[in-house]
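Topology and contacts: notes
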Amino acid sequence: MSDAALNPYVLILYYSRTGGVARLAQQVARGVEGAGLQARLRTVPPVSPDHEASAPPVPDSGAPYATLDDLAGCAGLALGSPTRFGNMAAPLKYFLDQSSDLWMSGALIGRPAGVFTASASLHGGQESTLLSMMLPLLHHGMVLAGVPYSEAALTRTTGGGTPYGASHVSGSDGRGRETSDDENAIAKALGRRLATLARQLAPAH
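Report follows, based on the coordinates.

With that settled, consider the packing of aromatic side chains. Throughout the structure, instances matching the rule amount to zero aromatic pairs. The ring of Tyr9 has Arg40 lying over it, and the distance from NZ or CZ to the ring centre is 3.7 Å.

Right, here's the structure in full:
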């Protein structure tokens, strides 16, 4: 039996520039662990327009950089990115673009996945970014999980939070405001749902 089967985890894979997505990732992790599964936080390095390395092999702070083994071994996946013109950020897409071998082998088929994002403004392209992040997950055969309206914060929030996935409105001053109570609740709900589905969808051994 594989180590992933013995020690299942939800991979929380994200890219964050000003901290908003990283704060949401922490809340998703709390939801996963509150539901009794391990949360594995991983990030990706920035990409550079030239051909030189743009980041050290280990980040100075925060989550370690993800490997394809982290992705291959996960029981579930939460994918997070800031909005970039209504789309996911290039560093996260670059990482996913390297997962062709996992796609060809069907390694991720049947595993639950959800998405989360942050934008500077309330109408900053959050929903289209969340939808764009789902596309490669569908190609991998993953089972997409949103946030159902049984989560009361969805109808209460005045900031981020959508049925497509958790989100955060970080503000446009460049410093990034803290996630609100409702944004936190929705992110935790996403984490709990992924952990629950990961257990339900795990193959029998």
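On we go.
Attention now goes to a nonpolar patch on the surface. On the surface, Leu135, Leu138 and Leu144 cluster together into a nonpolar patch covering about 260 Å² of accessible area. Counting through the fold element by element, Leu138 comes out in helix α6 (residues 126-139). Note on Leu138: relative accessible area 49%, which makes it partly exposed.

One non-glycine residue, Phe85, lies in the positive phi region at around 55°. Within the secondary structure layout, Phe85 lies in the loop between β3 (76-82) and α4 (90-97). Its relative accessible area of 92% is what places Phe85 among the exposed residues.

Here helix α8 (residues 181-201) is 21 residues long and its end C-alpha atoms lie 30 Å apart, about the 30 Å a rise of 1.5 Å per residue gives. Among the residues of α8, Asp182, Glu183, Asn184, Ile186, Ala187, Ala189, Leu190, Gly191, Leu194, Ala195, Leu197 and Ala198 are the ones counted as buried.

This part covers the pattern of salt bridges. Between side chains of opposite charge, a pair can form when the charged atoms approach closely. By the definition in use, this model includes five salt bridges. Of the charged contacts, one joins Arg42 and Asp70 as a salt bridge, the two residues approaching to 3.5 Å between their closest N and O atoms. On the criterion of sequence distance, the pair formed by Arg42 in strand β2 (residues 38-43) and Asp70 in helix α3 (residues 68-72) is long-range, its members being 28 residues apart. When its relative accessible area of 8% is taken as the criterion, Asp70 is described as buried. For the salt bridge of Arg192 with Glu151, the shortest nitrogen-to-oxygen distance reads 3.7 Å. Of this pair, Arg192 sits in helix α8 while Glu151 is found in the loop between β5 (143-144) and α7 (153-156), placing the two residues 41 residues apart along the sequence. Judged by relative accessible area, which is 37%, Arg192 ranks as partly exposed. With a relative accessible area of 16%, Glu151 lands in the buried category.

Scoring rules and cut-offs
- In this numbering scheme, every chain counts its residues from 1 along its sequence in written order.
- Confidence filtering applies because this is a predicted model: local features only for residues at pLDDT of at least 70, side-chain atom pairs given and counted only at 80 or more, and all residues used for totals across whole chains, interfaces and linings.
- Each side-chain value is worked out from all heavy atoms of the structure, with water and hydrogens disregarded.
- Aromatic rings from Phe, Tyr and Trp, with only the six-membered ring used for Trp, were paired whenever their centres fell within 6.5 Å, and each pair was classed as stacked if the ring planes differed by under 30 degrees, edge-to-face if by over 60, and tilted otherwise.
- Two thresholds decide whether a charge sits over a ring: the Lys NZ or Arg CZ must be within 6 Å of the ring centre and within 35 degrees of the ring normal.
- Residues qualify for a patch when their relative accessible area is over 30% and they have no salt bridge, like charges being joined within 9 Å and the nonpolar side chains of Val, Leu, Ile, Met, Phe, Trp and Tyr within 5 Å.
- Shrake-Rupley sampling with a 1.4 Å probe provides the accessible areas, and residues are treated as covered by the protein chains on show and by no other component.
- A pairing counts as a salt bridge when a side-chain nitrogen of Lys or Arg comes within 4 Å of a carboxyl oxygen of Asp or Glu.
- Put simply, DSSP marks the helices as runs of H or I at least four residues long and the strands as runs of E at least two long, and each gets a number from the N terminus on.
- Buried means the residue's accessible area, taken with a 1.4 Å probe over protein chains only, is under 20% of the maximum for its type, while exposed means over 50%, and partly exposed covers the values in between.
- By definition here, a helix of n residues has an expected span of 1.5 Å times n minus one.

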